[in-house]
Amino acid sequence: MTSAGSVGGRERLRLFCALRIPDAALDALERWQSANLGAGRAVPRGHLHVTLAFLGSRPAAELGPIAGALREAAAEAGEIGFAAVRYRETRSVGMVVLDDATGEGTRLAARLFDALEGLGVYEREQRPWLPHVTVLRFRSRPRLDPPVPDLGRFRPSDAAVYMSALRPTGAQYEVLESVPLGG
C-alpha cells in the first residue's frame, strides 16, 4: 500500500472507493467461485470488494481530498453487516448481491456520494446503490444459475481508495489508502 502523498499531482488515476471483505468471507467466495463458475474469468481474490463509488479517471492531485471524503464518511459508519442473497448477471459481469441488514452500508454510501459530489469528482447514479461483489467477468453472458454462496453475515474489514490500472490481462487494483470503519 502506498500513501496518498506518494502519488504525483499531474498524472491521472482511475479511482474507486470500496469496502474490503474480511478473509473468512473471501475464503468462502473463492471456494464458491471454484465450484460454481466455470464460464468466463473468475475475479481473483485480491480484486473482490464491495464498490461504493467508481470515480473513473481523476487527476492524481484529487486523491487526498477523495481519501479525506472516504475517511469522514467511514468514520460515521455504524455496524455494517452483509450477507449473500442472490447471484445476478449483467451484460459483462456476474455478481453476488448482498443484503445490507442494518442499512449502514447504504448510509455510508450516501454520505460518501454527498462528499464526493461536494468535491465535484462524482455524479451519483440514477439507480439506488446495490451492495454486491463482482465475482465473474465475461464477453458472452453465460446465464448461470448457481446457488447463493454461504458467506454467513460478514462485516467489511475497512474501506479503501483503489487505483485500477487497465492491462491486456484485465484490470489490476491497488489500494492507495485504507481507512477504518466507525472511527
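By convention here, each chain's residues receive numbers from 1 onward along its written sequence. With the structure being a predicted model, the display of local features is reserved for residues of pLDDT at least 70 and the display and counting of side-chain atom pairs for 80 or more, all residues being used for whole-chain, interface and lining totals. With hydrogens and water stripped out, all remaining heavy atoms of the structure feed into the side-chain values.

**Focus: the pairing of strand E7 (residues 158-167)**
Quick reminder of the rule: For every residue, the accessible area (1.4 Å probe, protein chains only) is compared with the maximum for its type, and the residue is labelled buried under 20%, exposed over 50%, or partly exposed between those bounds. Labels follow the DSSP assignment, with helices taken as runs of H or I lasting at least four residues and strands as runs of E lasting at least two, numbered in each case from the N terminus. The pairing criterion is simple: DSSP has to find at least two bridges between the two strands.
With respect to burial, E7 is a largely interior element, eight of its 10 residues being buried. Strand direction decides the pairing type here: E7 and strand E8 (residues 170-179), joined by nine bridges, are antiparallel. If you follow Leu166 over to E8, its bridge partner there is Ala171. With antiparallel pairing between neighbouring strands as the criterion, E7 and E8 make up a hairpin whose turn holds two residues.

**Re the environment of Leu108**
Quick reminder of the rule: Whether two residues are in contact is decided by their heavy atoms: any pair within 4.5 Å suffices.
By secondary structure assignment, the location of Leu108 is in helix H3 (residues 104-119). Along the sequence, Leu108 and Arg137 sit 29 residues apart, while their C-alpha atoms lie 27 Å from each other. Once residues lying within four places of it in the same chain are set aside, the contact partners of Leu108 are Leu19, Leu52, Ala73, Ala74, Ile80 and Leu181.

**Observations concerning helix H1 (residues 23-36)**
Where we set the bar: Each residue after the first adds 1.5 Å to the expected span of a helix. Taken from the helix axis, the directions to the C-beta atoms give the arc we talk about.
Compared with an ideal rise of 1.5 Å per residue, which puts 14 residues at 20 Å, H1 spans 20 Å between its outermost C-alpha atoms and is within 8% of the ideal. All buried positions along H1 are accounted for by Ala25, Leu26, Ala28, Leu29, Trp32 and Gln33. On an axial view of H1, the arc spanned by its buried residues comes to 160°, and they lie on one face. Exposed residues on H1 whose side chains face more than 90 degrees from its buried face are Asp23, Ala24, Arg31, Ser34 and Ala35. Among the structural elements, strand E2 (41-42), strand E4 (82-89), strand E5 (93-100) and strand E6 (132-137) are those in contact with the buried residues of H1.

**Let's talk about the confidence of the model for the chain**
Parts of the model with low pLDDT should not have their predicted coordinates read in detail. Selection rule: As a per-residue measure, pLDDT reflects the predictor's confidence and takes values from 0 up to 100.
Here the chain averages 92 in pLDDT, while 94% of its residues score no lower than 70. Per-residue pLDDT stays below 50 along residues 1-5; that stretch engages in 12 contacts with residues further than four places along the chain or on separate chains.

**Focus: the sheet that holds E8**
Applicable threshold: A fitted line through C-alpha atoms serves as each axis, taken over the contacting stretch for helices, and the angle formed by two N-to-C directions is quoted from 0 to 180°.
Here we have four strands laid out as an open sheet, ordered E3-E1-E7-E8, and antiparallel in their pairing. Each end of this open sheet is capped by a strand with a single partner; those strands are strand E3 (49-59) and E8. When the angles between neighbouring strand axes are averaged without regard to direction, this sheet yields 30°. In this fold H3 packs onto strand E1 (12-20) and E3, with an angle of close to 10° to the strand it touches most, E3.

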